[in-house]
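A structural walkthrough
Here is what each chain is made of, one letter per residue.
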Amino acid sequence: MSEVVYEETATMIAAGELQSFVPFGREHCRNHPNAFNLQLRELQPASELWSSDGAAGLVGSLQEVSLQERERECWQLRKGCMGVREEDVEFEEELYTAGTVVVWSQGSRSQGSNVYKAFTVDSPVQQALWCNFAVPQNKKDEEEVEQTVCIVQRSCVNVHTVTGKDFISPLPFQVSNVWATKFGLLLERKNTATDAQLPPPGEPLPTVFSMLHPLDEITPVVCKPTGLFEGSRVQYLSDASMKIVFSCVQPSLVVFYDTVQGIHSVWTLRKVTNDERSTVLRCAADPVDGPLGLMASSFLTSHLRNISRLDSPGGSGTTGLGPGTGTSCAVGTGSPLHYSALHSHQSRIMTSSPGLHSRVHSPSISNMAALSRAHSPGMAAPSFSGAARFNMSFHSSSPRGHHGLLASPNSTVNETMQEMEPIRPDLCMEQLWSETVTAGCHREMSSQAPKVFLTSDLCENRYLCFLVESHQQLRCVKFVESNDTSQLIFASVMTIPAKDAEPLPNIDAMLVLEACGSLVLYTGITRVSKVFVPGLLSPTFNLTNHLPHRSTPVENVSTPAYAGSRHLQRLDEAVMPSPVSELRGPNIKHHEGSFLEDYIFQPTTPYIHALRDPVCNRVTLELSSGTMLRISIPEIATSELVRKCLQAIRFILPKESAMKVLVKWYNIYNAPGGPSAHAEWSLFVTCFLTLMGYNTERLTWTRNLHFEVPLSPVIAAKKARPSDGGSDEDWDYLLGSHYHRHMNSQPVCSPVDSSGSNNTLITETEGMSSASSPSSPSLKLDSSAPLFPHIPALFYVLHLLYQELQLDELQRARATSLVCLLQQLARDLHLEEYVDLYWRDYPSLISGFNESCLIDQALLGQMQHPSFLRAKPPCVLSWLSSCLRGEEIPPFPYLPGICQRSRLLVLSYALYITGDENATSTDVSKYLAKLSAGQKFCASELHYRRQSSVKVKFSSESLAEQLVVWLTSEGFTLKDLESVPFGVALPIREAIYRCREQPCSDWSEEVCLLIGRQDLTKQAHKMTLAKSKASVGSGLSLEPPATTEADEEEDGMSDITQEVTGLIWSQDLRVQEVRRLLQSSRPVRVSVVQLPEVSDHEYIEEKENKLLQLCQRTMALPVGRGLFTLFSYHPVPTEPLPVPKLNLTGRAPPRNTMVDLNSGNIDVPPNMTSWPSFHNGVAAGLKIAPASQVDSAWIAYNKPKSPELANEYAGFLMALGLNGHLTKLATLNIHDYLTKGHEMTSIGLLLGVSSAKLGTMDMSITRLLSIHIPALLPPTSTELDVPHNVQVAAVIGIGLVYQGTGHRHNAEVLLSEIGRPPGPEMEYCTDRESYSLAAGLALGMVCLGHGSNLIGMTDLNVPEQLYQYMVGGHRRAQAGASRERHKSPSYQIKEGDTINVDVTCPGATLALAMIYLKTNNRSIADWLKPPDTWFLLDFIKPEFLLLRTLARCIIMWDEILPNTEWVKSNIPQIMRGAFNPSEDINMETMAQAQDYITAGACLALGLRFAGSANSDAFDCLYEFAKTFMKIMSFAGTAAVMGYYNLQTGLSMILLAMSMVMAGTGNLKVLQLCRFFHKRTGGEMNYGFHMAHHMALGLLFLGGGRYTLSTSNSAIAALLCALYPHFPAHSTDNRYHLQALRHLAVLAAEPRLLVPVDVDSLKPCYALLEVTYKETKWYDETTVELMAPTMLPELHLLKRIKVKGPRYWELSVDLSKETQHLKSILSRDGVLYVKLRAGQLPYKDDPQGWRSLLASTVNHRNSGVRAFKPEAISTFTSEPALVSFAEYFCKTSEGMKQREDTLVLFSAMLYECVTQECPEMLPTYIAIEQAVSALRRGDLLQTFPLWQMRLVVELWDSRLLRGPNNRHDALLPSEFLPVMKNMVDIALDSWLKDNSSVLRSYMRGEALPKDAQSTVLACFLVYRSIPCLRNTHTQLEGCSSLGDLLARSSQLGIPLRDLLRLAPVLLGSASGPHTLQGFPLPAF
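Residues numbered from 1 in each chain as written. Predicted model: local features only at pLDDT ≥ 70, side-chain atom pairs only at ≥ 80, totals over all residues. Heavy atoms only, no water.

Okay, the overall build of the protein next. Check the secondary structure of the protein and you find 76 helices and 45 strands. Counting the 1979 residues in the protein, one finds 55% classified as buried. Excluding contacts between residues fewer than 6 apart, the proportion of contacts in the protein whose partners are at least 24 apart in sequence is 70%. Element-wise, carbon and sulfur atoms account for 55% of the exposed surface of the protein, whose accessible area totals about 84,700 Å². (Helix = DSSP H or I, 4+ residues; strand = E, 2+ residues; numbered from the N terminus. Buried < 20%, exposed > 50% of the residue type's maximum accessible area, 1.4 Å probe, protein only. Contact = heavy atoms within 4.5 Å. Areas by Shrake-Rupley, 256 points an atom, 1.4 Å probe, with all protein chains shown as cover.)

Attention now goes to helix H24 (residues 791-806). For H24, which comprises 16 residues, the first-to-last C-alpha distance of 22 Å matches the rise-based estimate of 22 Å (1.5 Å per residue) to within 8%. Extensive coverage of H24 is indicated by the burial of 16 of its 16 residues. (Expected span 1.5 Å × (residues − 1).)

With that settled, the discussion passes to a nonpolar patch on the surface. There is a patch of nonpolar side chains on the surface, built from Phe1431, Leu1432 and Phe1435 and spanning about 380 Å² of accessible area. In this structure, Phe1435 sits in the loop between helix H54 (1430-1433) and helix H55 (1438-1451). Taking relative accessible area as the criterion, Phe1435 reaches 61% and is therefore assigned exposed. (Patch = residues over 30% accessible without salt bridge, like charges linked within 9 Å, V, L, I, M, F, W, Y side chains within 5 Å. Salt bridge = Lys/Arg side-chain N within 4 Å of Asp/Glu carboxyl O.)

Under the defined criterion, the tally for this structure stands at 34 aromatic pairs. With a centroid separation of 6.3 Å and an interplanar angle of 55°, the aromatic rings of Trp433 and Phe466 are classed as tilted. Of this pair, Trp433 sits in strand E20 (residues 427-434) while Phe466 sits in strand E22 (residues 462-468), and the two are 33 residues apart along the sequence. Neither residue differs from the other here; Trp433 and Phe466 are each classed as buried. Summarising the aromatic geometry, the rings of Trp1065 and Phe1596 are spaced 5.2 Å apart at their centres and angled 55° between planes, so their arrangement reads as tilted. Of this pair, Trp1065 sits in the loop between helix H39 (1058-1064) and helix H40 (1070-1078) while Phe1596 sits in the loop between helix H63 (1582-1595) and strand E37 (1602-1604), and the two are 531 residues apart along the sequence. Summarising the burial analysis for this pair, Trp1065 and Phe1596 share the class buried. Its end group placed over the ring of Trp130, Arg78 keeps NZ or CZ at 4.1 Å from the ring centre. Just above the ring of Trp75 sits the side chain of Arg612; from NZ or CZ to the centre is 4.0 Å. (Phe/Tyr/Trp six-rings, centres within 6.5 Å; stacked < 30°, edge-to-face > 60°. Lys NZ or Arg CZ within 6 Å of the ring centre and 35° of its normal.)

Overall, the coordinates contain 49 salt bridges when judged by the stated rule. The salt bridge partner of Glu276 is Lys224, with a shortest N-O separation of 3.5 Å. Of this pair, Glu276 sits in helix H5 (residues 274-285) while Lys224 sits in strand E15 (residues 222-224); the two residues are 52 residues apart in sequence, bridging distant segments of the chain. A relative accessible area of 5% places Glu276 in the buried class.

A separate point is the environment of Gly1295. Of note, Gly1295 is situated in helix H48 (residues 1284-1297). Taking the C-alpha atoms as reference points, Gly1295 and Leu1254, 41 residues apart in sequence, are found 8.8 Å from one another. Residues in contact with Gly1295, not counting those within four places in the same chain, are Ala1338, Met1341 and Val1342.

An order of E34-E35-E36 is seen for the three strands of this open sheet, with the pairing classed as mixed. Of all the strands in the sheet, the pair left with one neighbour each is strand E34 (1084-1085) and strand E36 (1153-1155). Sheet topology note: the E34/strand E35 (residues 1146-1148) ladder contains two bridges and is parallel. Pairing of Arg1085 across the sheet is with Arg1147, part of E35. (Pairing = 2+ DSSP bridges.)

This part is about the pairing of strand E39 (residues 1648-1653). Counting buried positions along E39 gives six out of six residues, so the element sits mostly inside the fold. Here E39 shows two buried faces, one formed by Leu1648, Val1650 and Val1652 and the other by Leu1649, Pro1651 and Asp1653. With four bridges joining them, E39 and strand E45 (residues 1726-1729) adopt parallel strand pairing. Within E45, the position partnered with Val1652 by the bridge is Tyr1728.

Strand order across the open sheet formed by four strands is E11-E12-E13-E14, with antiparallel pairing between neighbours. A single partner strand is all that each edge strand has here, and the edge strands are strand E11 (175-180) and strand E14 (219-220).

Right, let's get into the side chain of Arg475. Mapped onto the elements, Arg475 comes out in strand E23 (residues 473-481). Polar contacts involving the side chain of Arg475 include one to the side chain of His471, which spans 3.1 Å. Reaching out from Arg475, the side chain makes a polar contact with the side chain of Gln473 at a distance of 2.7 Å. The residues contacting Arg475, other than those within four sequence positions of it, are Glu435, Ser446, Leu464, Cys465, Phe466, Val468, Val493, Met494 and Thr495. (Polar contact = N/O pair within 3.5 Å; in protein donor to acceptor, adjacent residues only side chain to side chain.)

Between helix H59 (residues 1511-1529) and helix H62 (residues 1563-1574), the shortest axis-to-axis distance is 12 Å and the interhelical angle comes to 25°. One way to sum up the angle between H59 and H62 is to call them roughly parallel. As H59 runs across H62, the sense of the crossing is left-handed. In this structure, H59 contributes Phe1514, Tyr1518, Ala1521 and Met1525 to the contact, and H62 contributes Lys1564, Val1565, Leu1568, Phe1571 and Phe1572. (Axes fitted to C-alpha atoms, helices over the stretch in contact; angles between N-to-C directions. Parallel < 35°, antiparallel > 145°, perpendicular 65-115°, else oblique. Left-handed = near helix turned anticlockwise from the far one by under 90°.)

In the segment running from Gln250 into Pro251, the intervening peptide bond is cis, with an omega of -5°. Here Pro251 lies in the loop between strand E17 (242-248) and strand E18 (253-258). The residue after Ala1683, namely Pro1684, is reached through a cis peptide bond having omega 5°. Mapped onto the fold, Pro1684 is located in the loop between strand E41 (1678-1683) and strand E42 (1685-1686). Phi is positive for Asp613, which is not a glycine, with a value near 55°.

Here we come to helix H61 (residues 1539-1556). Its 18 residues place the ends of H61 26 Å apart at the C-alpha level, agreeing with the 26 Å of an ideal helix rising 1.5 Å per residue. Of all 18 residues in H61, 16 are buried, a share of seventy percent or more.

As a further point, take the side chain of Asp1653. On the secondary structure map, Asp1653 appears in strand E39. Comment: no salt bridge for buried Asp1653; closest opposite-charge side chain is Lys1730, at 7.1 Å. Among the polar contacts listed, one links the side chain of Asp1653 to the backbone nitrogen of Ser1656, at a separation of 3.4 Å. Ignoring any residue separated from it by four or fewer positions in sequence, one finds Asp1653 in contact with Lys1658, Cys1660, Val1729 and Leu1731. (Lys, Arg positive; Asp, Glu negative; His and termini not counted.)

Let us look at the packing of helix H70 (residues 1817-1832) against helix H72 (residues 1871-1898). The interhelical angle for the contact between H70 and H72, taken along N-to-C directions, is 20°, at an axis separation of 9 Å. In terms of axis orientation, H70 runs roughly parallel to H72. Judged by the sense of rotation from one axis to the other, the crossing of H70 with H72 is left-handed. Only Phe1871, Leu1872, Met1875, Met1878, Val1879, Ala1882 and Leu1883 of H72 make contact with H70, whose side of the interface consists of Tyr1820, Ile1823, Glu1824, Val1827, Leu1830 and Arg1831. Residues belonging to the contact of H70 with H72 are distributed by class as follows: eleven nonpolar, no polar and two charged. (Nonpolar A, V, L, I, M, F, W, Y, C, P; charged D, E, K, R; others polar.)

With 72% of its residues at a pLDDT of 70 or more, the protein has an overall mean of 75. Here residues 708-778 scores under 50 on pLDDT; set against residues more than four positions off or in separate chains, the count is 60 contacts. Below a pLDDT of 50 lies the segment residues 934-956, which in the model reaches 31 contacts outside its immediate sequence neighbourhood of four places, other chains included. (pLDDT = per-residue confidence, 0-100.)

Written out as structure tokens, the structure reads:
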């Protein structure tokens, strides 16, 4: 039998699924638009581009497209891997090339093919291939893989990625072949004749180049040959005789063929190391031979770059574009060297292109193309034609460190030589193996291999195979990884005779076409069998030619019956292919009919001519007739059980034996007409036992298997007919037969009816007798069988596999089949305990078997008894059980890679039950004994090691959390848990239940899935989404409802989400009111009553004046609207942004006549609307959410056509900067906008870009801004005429870009700019105030919060200088660069040498405030105190008092208190005391000072509590607002104070209030805003309206989703935006640039938390518990909020928790990290919550009276009875539970008599739902089923009782820990004790009647056959009594209980089970009555 493998020549296997194959692309190309037409069409624009070459280009293209080019077709197939996970769907992808078209299609066996992409290129395709490029990610070292298709043309490679990017990489030389590798493309340079005429130094040019990415440079590849001669010198790969024949990605290999020696060699490809790179570059620069050395060194490079370009694709003379257009030969020809270089190639140059000499001097275009990866691919590939395209981007610089390649065009060659830097190589090849030379010597040289592939055999050896056609052989080289897996070691070469071959990776085999034309399947180098293709004549007839194959008799071959002898002679000639391979013409006919008809009508039978396109286990056969067939080779096994057994066998056996078994099995299983699926197991058992030496005919149970399966495959092969008709009917007959039904209905092996058992008995007696008489050899084992010595090892492995199957509900049914085989082997090996174990598991089954076969004692010694085979059988369930009981346990044996489930559960128990935290990491060996085998099992070993290296972060979490996290890291899912038996799974379920109650907020999505918290899963999923790319929608439909009325649409506020605002403000319609107040797109109502004395003309004027007043308000509205609609809209990339128009017309009642300002009746200021329309643009742009997808093209697409909308677009640009999208605008476009010179656009752009780059110190933006600031330009630079407002914007921009950096140079410049004098020519005299203020604000931002520790600025004396600017004094001498500029004083303004405080004070004050922000620096703050004498008070502007108070308060940040006393304390003493009438006090001064100081303090209070909704702060501010309103209403006081001053103060207080209440929509503030909205007359100017509507916008910031932050940068932004001097009219920018009002957006942050129900995906209410950290003002406090709500600032919080009882609890701990919560808030604040079962949401049931539990609180026990199953739908949405209630808990007709079951089911359901563990329902039912089956006595196997026992043991171990642990156990009810009691009673009552059965079992007598045996097994299992057969002597006959206890102590029987046994053991005949005193059912 040992020859079994090699005598398989007679066997055959059948190939399946025959299909005719036509490449899909061919069909598609027929319908594809003609490429020729396409080219004509393409040429039109091209000829306009290159008008000079137009005609020539056209002619060239026409010549190129000849018919032959188009007909050349090729294709390749691969396994589909497009974004689909492999296990889901298996399909094939095809890449088809013909002419200029490439078609990429994909399709599977189940569905037809479809085109995925089709590409058409300009010139014929040389090659198309798939390639994956690695794109380095900017942050870390990780690389992202881009899947692409590369299309190689003559002059370039087009690369198309799956994601849609296209690149065109020009080729610097002609390419013969391109190969895909792990790193990118390898290109082989075509060897041209010119290589011979090298320049004098004679160094050959490299032949192999690499391209790591389409935008990278093409670089030469270095190689490290091994060999005696070269040493291992690193050098360029420049040997022209080396050709690549194969490349492979994994492992990274390349196979070369040496055309001179005829030798193949294998090289590994890797990244080049730095040493190698420097070696190569250095050796190129070594002065080798004298003075020519230097030249030689760089000549290589320059030759590559210049000369070899002459044979570049353009130079072929077809296109009129000679390469001269852009070659780097454009250098001064004065140099002799250059001259000779040119002339050495003179002859070539002349032939290559007549146009060259005329063009040598044309300037080089190359420098244009320094494009890098950063640009969008659309820009990076301008498709010119021919050589021009190549020159364009060959010189593209790339970020990987290659420098530009060109020397400057006007240098000489000599310089070029020295400066030219050599190209740096990227990849290195190292030689691993090459053929020995002798192989080629004694015979003719072997030709280049047309096919090379990798294959592996069934035992996981890997081979590299290459086909040598000249010798008709396939050479296979075995290779293995070295131990450290760093390199591959190649072993010896084997040869297989072959004409063609292809690998079949899915089944570890390869298909070989032998020279005689027959197909043979090999695995590795082991021949498996011939392959029979139904319907193809196998040409194995007795051909009498020189082929070395064995001639076979004709009868033996299974040929189609139809093929008569008339074909034999013809076949003779047809088999040998003619030496000249025929060219297939384009007209391949497709024969329609079936293949059989072909045979009859065709003159010669087609035979197989070649193989191609292997995918998985399918391969294409090319027939000699030109047709192609696709066949699939069957798998090694389809049944999971057989596959697992084979795996185990392969694991344990030595490789050779394993290979024999597998090959033998493969042949038997796949014989033509082979078994159906259900017979596979029987076939396997028969085959397996036979190989072990059993005679399966003699064993009864295996004999039964023979009915199903004909054993001899050869006979079967003879009978197989080519027509399928007959055999189908035969099978149907068999399937219908009585025998088949009878076998299927029962476990395969149980003796069924009386005849069966009868039969068994007879055989048994025969067996007994035969055992005694040695003459009958019937049941002896044949010791010469190949597997005979390995029986013990195989038995043990299969036993472990059996244990593994026990742990999987889905596989357990298969264990019954396996157990029959195991019990036979166990009996024959005399392993009593194993047999006992199997009997306990399947009592009714095993007791039917008792034959055993004889193994001679002498032969027993021949068997290899492995060390791991112990007498005590490993049983995983008893291992888990002793773990639960807390006993010492030996490690459990397992097979790596096969018994994964055992490993998982054993370690889970070790971790969770034993509480060993290291069980899964360092202590694995304590619990698991890994079996090592005769062979290293590398694949799965690695797999195992890799899996457990997942680092699980354990802090001091509970064991439950550790277990859940570890299980997830092992890839364990809920689906897996469902298949774990219920008893085993209970501890895991319990751990999950505990975690579900209090989950961590930062668990991964998989963990949340496992613990069944969909809310968290959804949240985590969103998390990952946000990380990968900013998600557009948050998965919620938080889109506003589409409104129909036209007027609704255009007000620009329709995007506020109604769902959320409806929850926040559910009682009223305040949001609609705000929309009404802020809309500016409809005409206003102008109601003026016409008095009798007013003429019509005057009346019209009156109406227009009224309208003008109203328009002041309308024009101010957009500023507020921008804040209100902040970030509420996701634009559609294909539509422009809708901008509501600014409507400045009116309607006059009663007739609604139109009133217009442009009638000419009144004077309207010029440019009145320019700034308002800018603000309107900002408001529209601010709607765009930061997470939207916006790109450069869309921004440009929004540019308006009409010039009057330019201001709006300028505002739009600024808004895009504020929401961060302007960074996507290409630099080109920015430059474009700035050169237009439109003032507004420049302002918007500069401010926008700076806001987007806030605090980044970005250099490019700094340059952009510096151009607009004269002070930052060098003193000698040209004076640029920059508009004043643009200068202001640029200065603020510097502040934003350098915010908080403390940048010394900028701070110095800005400091001097605060006091910039008006220039001599008055160039700086207008609006000086706003420039000085801007410089101050910018300085404050640059040094924001740095206080006194400004690094390196002490010499600048910043605070002193600012103080001087604030209070005045002599001007200091200007330092540095600006001195020149300010030499001469102004000719018109007399300022003298003192500082003009009116200009510099505001900027300086705010700069001080920002530099010392929150530093609580008292000395600086005291500078800012208001003066305390009347005299000094008169010298200071009241407005400046406001600023000083504000500055002083925010420096002393921590002293701000939210009460009126604090505000009043800022007013100096002299104003508060009683006045002495004798003093001359100016009442006006005093009143104004008081007014402004109060306003300043209120503003500071607003900033301090911004966004906090602090009620004290609000009440305090509201008091002051009311006071001010009162004062205004008294005419007298108002006159003293000045109406303007009062109004300013009031506006500031209103803004402060809305800052405190930002985003809350407070009603009182809304009322105030509405009150001011209505006041339009009198002093209410544009600025006041702006302030009031900004307040309104802040109050409803972002529709209630945003609020303000109090971080330093937010305060800075608010100071810029809310500067307390508002513009007097719409064109006023004198004191403050209007555009800065929008910077308030930078202070906004999302802090609205919206709970969203995870089931309905609707926002809902939920109770939150927010815990504040302790601060110096208050202790740690906890408040309850009803969400949706604004959260306080996150740095103040300790944790946030969703509180029960309605929703699942969920807490976010902010003390650890806030990133998680921030990301939730930034994505619309969606927090997913899950309603608990039995609860209704707050909206439906505000008081909680309607929940299911509410009714049962008072009487707990009646709850079950009161529970109506119909009510289930009200309290759980889980469909499984609802339908369970529907079908199992309602009384229906058939269920009347089973009333108790219904009640029980209802109770279970109630229990599950109220305990919140619906997934426990199956467990409850399973327990109930197991118990009732036991009571009825119809259990066939003891498995359910095993589970029951585990459940009880878990319950006990929980009770032992103490009663306080009961609440978190999973079965808290009375259910379990009741069930346990039932089991006890059933087993005890059985024991009472049948103690004799137990006794006889313990004495080891034969077991009873009847039902008793089943119950006995149940008893033994449940009572955990070990195998007592040999211990009866020990235990029986004990005199007393103590004696019994002492003897049984080693057996490990739990005490309470021992007590149950005691009566049987102690009492002799008297039975169980002796121990009456014992309470037997003791729990």
